[in-house]
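Report on the structure
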Amino acid sequence: MTTLQHRDNWRQFADLFDWAEGLPNMFALPATLRGVRIEAFSDEGKYVVRAELPGMDPEKDIKVEVANGMLTIAATRQQQEHDGGHSEFHYGSLTRRVMLPEGADEGSVAARYTAGILEVTVPISAKPQEARSITIEQTD
């Protein structure tokens, strides 16, 4: 596996929201604040983001966008009305944004949905530039 550098440390902030999903239901955040559960990793020159989105129609319910180094996964689960009954399903709009690593080829992103898992693959076309020292010219 290749180690990739992320543009920002937003992941630590996002992990706070992921942690809240593990709390008991009485403390759970509303669907609009929860987001989408993901796993992200690099593998053989590509960055892969997998999202849990069970029971959704990828053509109607899921939208994937990429722009300016940011991958956005948005999904909507519509509630079906029933007389009486009990439901623990989560309904509403779910969104997750992931900063892509340096060198991500945004023009070649591919996505597929299999067995409730959305997998987005982003090729990495170039290695990130290493920091270099710049000589400062002094003028009088």
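Residues numbered from 1 in each chain as written. Predicted model: local features only at pLDDT ≥ 70, side-chain atom pairs only at ≥ 80, totals over all residues. Heavy atoms only, no water.

1. Quick look at the overall build of the protein
The condition that has to hold: The way it works is that DSSP assigns letters per residue, a run of H or I at least four long becomes a helix, a run of E at least two long becomes a strand, and they are numbered from the N terminus. Here the term buried applies to any residue with accessible area under 20% of the maximum for its type, exposed to any over 50%, and partly exposed to those in between, with areas from a 1.4 Å probe on protein chains only. By definition, residues are in contact when any of their heavy atoms lie within 4.5 Å. Computed by Shrake-Rupley with a 1.4 Å probe, the accessible areas treat only the displayed protein chains as cover when residues are assessed.
Looking only at helices and strands, one finds two helices and seven strands in the protein. Starting at the N terminus and ending at the C terminus, the protein contains elements arranged as α-α-β-β-β-β-β-β-β. For the protein, buried positions account for 24% of its 140 residues. Looking at the protein alone, contacts between residues at least 24 apart form 55% of all its contacts between residues at least 6 apart. Total accessible area on the protein is roughly 10500 Å²; 49% of this is exposed by carbon and sulfur atoms.

2. What to know about the sheet that holds strand E5 (residues 92-99)
Operational definition: Any two strands are treated as partners once DSSP identifies two or more bridges connecting them. To obtain each axis, a line is fitted to C-alpha atoms, and for helices this fit is confined to the stretch in contact; angles are then taken between N-to-C directions over 0 to 180 degrees.
In space, the three strands of this open sheet follow the order E3-E4-E5, with antiparallel pairing throughout. The sheet terminates laterally at strand E3 (62-67) and E5, the two strands that pair on one side only. Looking at each pair of strands side by side, their axes are set apart by 15° on average, direction ignored. Relative to strand E4 (residues 70-77), E3 runs antiparallel, the two sharing six bridges. Bridge pairing in E4 links Glu 65 to Thr 72.

3. A short note on unusual backbone geometry
Residue Glu 44 is not a glycine yet carries a positive backbone phi of 50°. Considering the arrangement of structural elements, one finds Glu 44 in the loop between strand E1 (38-43) and strand E2 (46-52). Backbone geometry at Asn 68 places phi at a positive 50°, although glycine is not the residue there. By the secondary structure assignment, Asn 68 is in the loop between E3 and E4.

4. A look at the environment of Ser 93
With respect to the helices, strands and loops of the structure, Ser 93 is situated in strand E5. Note: C-alpha distance between Ser 93 and Gln 78 (15 residues apart in sequence) is 8.6 Å.

5. Looking at the pattern of salt bridges
To keep it simple, the criterion reads: For this document, the term salt bridge refers to a Lys or Arg side-chain nitrogen within 4 Å of an Asp or Glu carboxyl oxygen.
Within this structure, the stated rule accounts for five salt bridges. Residues Arg 50 and Glu 39 are paired through a salt bridge, measuring 3.4 Å at the closest nitrogen-oxygen approach. You can see Arg 50 sitting in strand E2 and its partner Glu 39 sitting in strand E1, a full 11 residues away along the chain. Arg 50 gets classed as partly exposed once you look at its relative accessible area, which sits at 28%. Its relative accessible area of 40% is what places Glu 39 among the partly exposed residues. The salt bridge involving Glu 65 is made with Lys 63; its shortest N-O contact spans 3.1 Å.

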